[in-house]
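# Per-entry structural report
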Amino acid sequence: MFSNEVKFAEGESLMREIFRRLRLDPALFLSLMVLIGLGLLILYSASGQNGAMLLRQGFRLLIGVISMLVFAQISTHKLRLWSPWLYVGGIFCLLLIFAVGDVGKGAQRWLDLGIVRFQPSELMKLIVPMTMAWYLSGKLLPPKFKHIVVATIIFMLPLALIAKQPDLGTAMLVGSAGFVCLFLAGMSWWWMFSASVLVCAAMPLAWNFMHGYQRQRVLTFLNPENDPLGAGYHIIQSKIAIGSGGVYGKGWLNGTQSHLDFLPERSTDFIFSVLAEEFGLFGVLFILALFAFIVLRGLRIASCAKDGYSRIVAGSITLTFFVYLIVNVGMVSGLLPVVGIPLPLVSYGGTSIVTLLIGFGMLMSINADRRFISG
Amino acid sequence: MVAMPASIYLADRQYEQRVFQFRALIVALICLFLLLVLAVRMIYLQVVHHDMFSTLSQNNRLQVIPTPPNRGLIFDRNGVVLAENQPAFHLEITPEDVVDMEKTLSGLVEVVNVRPTDIESFKDALKRRRKFESIPLRLNLSERETALFAVNRHRFPGVDIAARLSRHYPFAETTAHVLGYVGRIDEEDLINLDQANYRGTNHIGKLGVEQAYEDILHGNVGYQQLEVNVEGRELRILEEQAPVPGDDLQLHLDIRLQQIAEQSMTEKTGAVIAMDPNNGAILALVSRPSFDPHPFVNGISKKDYQALRDSPVQPLFNRALRGQYPPGSTIKPALALAALELGADIAHETVNCKGFFKLPTDDRKYRDWKKHGHGKVDLHTAIVQSCDVYFYNLANQMGIDAVSEFLGLFGLGQPTGIDVAGEKPGLLPSREWKRKRYAMPWFPGETISVGIGQGYMLMTPMQLVQMSAALATAKIYQPQLVAALLPKNAEAVPITPVLKSELKVTNLANWDEVRLAMRDVVHTDRGTARGSSWGTKYEFAGKTGTAQVIGIAQDEEYDEETIAEHFRDHALFIAFSPVENPRLAVAVLVEHGGHGSSAAAPVARQLFDAYMKYYDVQ
């Protein structure tokens, strides 16, 4: 009996050692794995038990997790040095898209590199906070007006390019990442307030720059029943899926809304509705709690990071992840307009999974560097 | 001093970290708050409004599809099928699967025979249908067409051949006027229809037995609760209620007699009805010419319908029930019985027939059919030889009031009440009728024409056979086509005969006198229908009649040879057999057939022969 306990203790410390060597935070890593596993489970149902789709998603996740492990090994010092160069490269790619980019779903987003097609805008979600952190962490706090202006330009330039593609969702995420960076860098409350007022004032202006379908989405959001067979259909069917799930859900693979095709985009943007329909309120609360844990863990890592650069990057990555979640779930439950933002790490689809996991790799690295210093 | 910058740096670092940690805390709280908002939203959707969304979700995925019941079959009295449901191949189109509808339709015209009317009704149906419901374009493809389409099928996505049940009448024309037919439900039908029960049903009884017994034949609709996907495609059946098929019907009709009646009419226009005088059962009901009911089932083209409707011989017209003719001399036995029963003196006197009758007050001559008269005739002879003068005198003596009251007892002037719709009431003239109709008094001369069934008087063949039956048994039953309802899993429900009235004959001898006179019409040398009894082993009683179609002027003579066919007289014959304990009453009408004896009586004779053979009557 006694020896068993010793063995268990040894086993535990062995695991700790492995995580330490791999520069991983066990709590964050395990909760991410639970989320990924749950995501695959839901995807299997949402895709209509499509094994091929599950395999492709698994492959992407594998690449993502490997990228995460790789980035966890890169020290924050190096990341900091790379930041401005990555930014310049990113802007170049965005400009390149307008010249040679592929058109997918009516928007130029893709850059074909022969072997891989990728969305540079996706990577900007990481590069923008890195660059802003690089710029702001050198300055004294709170940032002065001219620094704020420069930082704003840093995130507004790619945002404008992305919005022009047009990719409203990603542009919004880049914008929110920039805003979060400024906030976490200690921008004064007065400036925060002014900026918010400015953004609100800019809203009607933005309306003029919106594409027809983007305007339609906003209008539909404001009154989905107005257009039950057109754009409002998505939201109504999603709400029906969620609401009919009830407390206990219809059971895995038993969701009628999703399996009978009533729910649109059910394995991508609306996958949360599938979860809500099949696993009910219990499933919803569980996954929200899981997300909450990941976000809080990320913020804790940011708080304990060794320098300003790491703090801002870690905080921004974490909050970008959170914005994904809140916008997606807000959208499927009819609280926010339909914007093409996936449920992070759960929705079926390409670049965002890898980007997100690279981001978490950086968080792991930041966490490891702190420990290394303090240890 | 050296340490100072480091300490400032350290202090800054600590300050920075404190600021950051404070802000991170605020962000964390905001995040938790937003997550809480999401959680509340989920509770709002999943708990508070769960019932509503649950219902919406059910409505989304469930669809109730009606399964039409199989229509009841119709049999004759011996169990021969008269109306059945046959598998038929329809060309049906599912518009969702069609790429180019106009091109498809024009392409199909080249392969199968699609008429403009088909396309018309197809486009009508297109407007009121469910998603993914196929719509018939052409009903009842021929084998050749089916094969031709099968070969060309790849050219027409969304078009397919569907096997459905289609109403079929094995005896087609022979039974068309009895059974009627089913046709596609039209706007008019929809008004009175139990729409729920007719969901999925395309056809409804339009005429005859099919129409009159629609409620029984149709049955009750069943349904399938289907799970459907967003496009409305059926995925699986969740719940099913089988339709209740309509009850079968057994008619009193004997198809053998019906066929013989039809054949014996050959190319003639007219009607034949055979009825059991003991219960009103109709054994044969023929109206000639007839028509093929099947085009109506499959959707008749406008052109074909117009041809039928505008045909001078009017094949769609049911002469047995709706044709109204002067009964002519066939009214004489009833009048004779009236006179006997009323105790009129004339009934026991003889009249000297010189070939015409004159009212004392008038110069007008009422001619007998026999130019030089019958000589001395009594009631018996008057019936046997059909002496007109005798009955002119008889009617005149009785007066119109007595005549119309007594003839009313035979059911004249009222519909017989047969169990199909559309019957005409005929016309029994009376003082009151004339006042109402023409606002004129009754003239004595008019009574004289009534004496030989002319003038205003009109009867349908149905009323004729009813009168014949009344003379046979003194009982008037409601004529009945349907003998019994035959539910699928239950005992047959026979329909009880309805005795409408009984002739209260005070003196049986009076009745016998008339019946025997009718027998002698057929079986004596001087009888008007003497030829029709040749070689019979049984006896039958009858009365010929000839109904004038046009009035003949005072000094003109009716010449059968020179007169145009459609002005020629109608030939009538009523009869029953055997004379004692009659089993079958018959009425025959041949339009423009000339004489009752030559044109109508042989038809009755053939019917009796067949009946005696089949029913083994001594």
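Predicted, not measured: the structure shown is a model, and the values here were computed from it. (Residues numbered from 1 in each chain as written. Chains lettered and ligands numbered in written order. Predicted model: local features only at pLDDT ≥ 70, side-chain atom pairs only at ≥ 80, totals over all residues. Heavy atoms only, no water.)

## Topic: the overall build of chain A
The secondary structure content of chain A amounts to 14 helices and three strands. Looking at chain A as a whole, 53% of its 375 residues qualify as buried. Looking at chain A alone, contacts between residues at least 24 apart form 71% of all its contacts between residues at least 6 apart. Carbon and sulfur atoms make up 71% of the accessible area of chain A, which amounts to about 16400 Å² in all. (Helix = DSSP H or I, 4+ residues; strand = E, 2+ residues; numbered from the N terminus. Buried < 20%, exposed > 50% of the residue type's maximum accessible area, 1.4 Å probe, protein only. Contact = heavy atoms within 4.5 Å. Areas by Shrake-Rupley, 256 points an atom, 1.4 Å probe, with all protein chains shown as cover.)

## Concerning the overall build of chain B
Across its full length, chain B carries 22 helices and 25 strands. Looking at chain B residue by residue over its 618 residues, the buried ones come to 52%. Across chain B, every contact between residues at least 6 apart in sequence was considered, and the portion connecting residues at least 24 apart equals 72%. When the accessible surface of chain B is summed, it comes to about 29000 Å², and 53% of that surface belongs to carbon and sulfur atoms.

## Points about the packing of aromatic side chains
Applying the stated rule across the entire model yields 26 aromatic pairs over all chains. A centroid spacing of 5.6 Å and a plane angle of 45° characterise the contact between Phe291 of chain A and Phe321 of chain A, whose relative ring orientation is tilted. With Phe291 of chain A in helix H12 (residues 271–303) and Phe321 of chain A in helix H13 (residues 308–332), the pair connects residues that are 30 residues apart, well separated along the chain. Measuring from centroid to centroid gives 6.1 Å for Trp442 of chain B and Tyr456 of chain B, while their planes differ by 55°, and the two rings are tilted. Of this pair, Trp442 of chain B sits in the loop between helix H18 (431–438) and helix H19 (444–450) while Tyr456 of chain B sits in the loop between H19 and helix H20 (461–473); the two residues are 14 residues apart in sequence, bridging distant segments of the chain. Take Trp442 of chain B: its relative accessible area is 7%, and that puts it in the buried class. (Phe/Tyr/Trp six-rings, centres within 6.5 Å; stacked < 30°, edge-to-face > 60°.)

## A few points about the pattern of salt bridges
Taken as a whole and assessed by the stated rule, the structure comprises 29 salt bridges over all chains. Between Glu17 of chain A and Arg20 of chain A there is a salt bridge; the shortest N-O distance is 3.2 Å. Placement of the pair is Glu17 of chain A and Arg20 of chain A together in helix H1 (residues 2–21), with a separation of three residues, close to one helical turn. Using a relative accessible area of 29% as the deciding quantity, one classes Glu17 of chain A as partly exposed. Judged by relative accessible area, Arg20 of chain A falls into the partly exposed class, the value being 47%. The residue Asp609 of chain B makes a salt bridge to Arg605 of chain B at a minimum N-O spacing of 3.1 Å. With Asp609 of chain B and Arg605 of chain B both in helix H22 (residues 596–615) and four residues apart, the pair spans about one turn of that helix. Assessed through its relative accessible area of 31%, Asp609 of chain B is described here as partly exposed. (Salt bridge = Lys/Arg side-chain N within 4 Å of Asp/Glu carboxyl O.)

## A look at helix H5 (residues 120–137) of chain A
For H5 of chain A, which comprises 18 residues, the first-to-last C-alpha distance of 25 Å matches the rise-based estimate of 26 Å (1.5 Å per residue) to within 8%. Where H5 of chain A bends most, at Leu126 of chain A, the angle is about 35°, and the proline Pro129 of chain A comes one to four residues later. (Expected span 1.5 Å × (residues − 1). Bend = angle between axes of the 7 residues up to and from the residue.)

## What to know about helix H17 (residues 400–409) of chain B
Helical periodicity: at 3.6 residues per turn, an α-helix aligns residues three or four positions apart in one direction. Residues of H17 of chain B that are buried include every one of Ile400, Val403, Ser404, Phe406, Leu407 and Gly408 of chain B, and no others. Packed against the buried residues of H17 of chain B are helix H14 (332–342), helix H16 (388–398), H18 and H19 of chain B.

## Some remarks on the packing of H5 of chain A against H13 of chain A
Residue and element names in this part refer to chain A. Where H5 meets H13, the axes come as close as 8 Å, and the angle between the chain directions of the two elements is 150°. With respect to H13, the element H5 is oriented roughly antiparallel. Viewed along their axes, H5 and H13 form a crossing whose handedness is right-handed. Judged by residue contacts, Glu122, Lys125, Leu126, Pro129, Met130, Ala133, Trp134, Leu136 and Ser137 of H5 engage Gly308, Tyr309, Ile312, Val313, Ser316, Ile317 and Tyr324 from H13. Across the contact of H5 with H13, the residue classes break down as eleven nonpolar, three polar and two charged. (Axes fitted to C-alpha atoms, helices over the stretch in contact; angles between N-to-C directions. Parallel < 35°, antiparallel > 145°, perpendicular 65-115°, else oblique. Left-handed = near helix turned anticlockwise from the far one by under 90°. Nonpolar A, V, L, I, M, F, W, Y, C, P; charged D, E, K, R; others polar.)

## Structural notes on the nonpolar core
The biggest cluster of nonpolar side chains holds 131 residues, and the ones touching the most others in it are Val209, Phe410, Met467, Phe573 and Val588 of chain B. By residue number, the principal contributor to this core is H22 of chain B, which donates ten residues. Of the domains in this structure, domain 1 (63–251) and domain 2 (255–546 + 558–614) of chain B are the two that each give at least three residues to this core. Val174, Leu288 and Ala305 of chain A together with Ala39 of chain B belong to the second-largest nonpolar core, a separate cluster that totals 117 residues. (Core = buried A, V, L, I, M, F, W, Y, C linked by side-chain atoms within 4.5 Å. Domains from an automatic or database assignment.)

## Thoughts on the interface of chain A and chain B
Each partner contributes residues to the interface: chain A has 53 residues there, and chain B has 39 residues. In total, about 3900 Å² of surface goes out of reach between chain A and chain B, with carbon and sulfur atoms giving 72% of it. Linking chain A with chain B are zero salt bridges. If you look at where chain A meets chain B, you find twelve residue pairs in polar contact (both at pLDDT 80 or more). Secondary-structure elements contributing two or more residues to the side of chain A that touches chain B are helix H7 (168–184), helix H10 (232–245), helix H11 (256–259), H12 and H13 of chain A. With 13 residues, H12 of chain A is the single largest residue contributor to the side of chain A that touches chain B. (Buried area = accessible area lost by both parts, 1.4 Å probe. Polar contact = N/O pair within 3.5 Å; in protein donor to acceptor, adjacent residues only side chain to side chain.)

## Here we look at the packing of helix H2 (residues 26–46) of chain A against helix H3 (residues 51–73) of chain A
Residues and elements named next belong to chain A. The geometry of H2 relative to H3 is characterised by a closest axis approach of 10 Å and an angle of 165° between their N-to-C directions. With respect to their mutual orientation, H2 and H3 come out roughly antiparallel. The chirality of how H2 crosses H3 is right-handed. Contact residues: H2 offers Phe29, Leu32, Met33, Ile36, Leu40, Leu43 and Tyr44, while H3 offers Met53, Leu54, Gln57, Gly58, Leu61, Val65 and Met68.

## A word on the sheet that holds strand S14 (residues 282–288) of chain B
Residue and element names in this part refer to chain B. The strand order across the open sheet formed by five strands is S14-S13-S25-S24-S23, and the pairing between neighbours is antiparallel. Each having just a single partner strand, S14 and strand S23 (541–547) make up the two edges of the open sheet. For this sheet the average axis-to-axis angle between neighbouring strands, irrespective of direction, equals 5°. Sheet analysis places strand S13 (residues 270–275) next to strand S25 (residues 584–590), joined by six bridges and oriented antiparallel. In the sheet register, Gly270 faces S25, and the bridge partner there is Val590. Each of S23 and strand S24 (570–577) is contacted by helix H21 (residues 508–523), which is oriented at about 75° to S23, the strand it contacts most. The strands that H22 touches are S13, S14, S23, S24 and S25; relative to S24, the one it contacts most, it runs at about 30°. (Pairing = 2+ DSSP bridges.)

## Re a nonpolar patch on the surface
Taken together, the side chains of Phe59, Leu62, Ile63, Ile66 and Val70 of chain A make up a nonpolar region of the molecular surface, amounting to roughly 470 Å² of accessible area. As for its position among the elements, Ile63 of chain A is in helix H3. (Patch = residues over 30% accessible without salt bridge, like charges linked within 9 Å, V, L, I, M, F, W, Y side chains within 5 Å.)

## Quick notes on unusual backbone geometry
Residue and element names in this part refer to chain B. Cis rather than trans, the peptide bond between Arg288 and Pro289 has omega equal to -10°. By the element assignment, Pro289 lies in the loop between S14 and helix H11 (294–297). The omega angle of the peptide bond from Ser577 to Pro578 is -15°, so this bond is cis rather than trans. Phi at Gln314 takes a positive value of approximately 50°, unusual for a residue other than glycine. Here Gln314 is to be found in the loop between helix H12 (302–310) and helix H13 (319–322). If you check the backbone angles, Ala439 has positive phi at about 55° while not being a glycine. Within the secondary structure, Ala439 is located in the loop between H18 and H19.

## Some remarks on the pairing of strand S20 (residues 482–486) of chain B
All names here are of chain B. A large share of S20 lies buried, amounting to five of its five residues. Pairing geometry for strand S12 (residues 248–251) and S20, over four bridges, is antiparallel. The partner of Leu251 across the bridge, within S20, is Val482. Both S20 and strand S21 (residues 493–494) contribute to a ladder of two bridges, which runs antiparallel. The partner of Ala484 across the bridge, within S21, is Pro494.

## Describing the confidence of the model for chain A
When pLDDT is averaged across chain A, the result is 83; 85% of the residues are at 70 or more. At the low end of the mean pLDDT range in chain A sits strand S1 (residues 102–104) of chain A, at 58; at the high end sits H12 of chain A, at 95. (pLDDT = per-residue confidence, 0-100.)

## Details of the environment of Leu572 of chain B
Its place among the elements puts Leu572 of chain B in strand S24. Separated by 300 residues in the primary sequence, Leu572 of chain B and Val272 of chain B place their C-alpha atoms 9.9 Å from one another.

## Considerations on the confidence of the model for chain B
Residue and element names in this part refer to chain B. Predicted confidence across chain B gives a mean pLDDT of 85, with 93% of residues reaching 70 or more. Ranking the elements of chain B by mean pLDDT puts strand S1 (residues 62–67) last, at 72, and S13 first, at 95. In this model, residues 1–7 is a region of pLDDT below 50 whose contacts with residues beyond four sequence positions or in other chains number zero contacts. Across the interfaces of the predicted complex, the ipTM metric reaches 0.89, alongside a pTM of 0.63.

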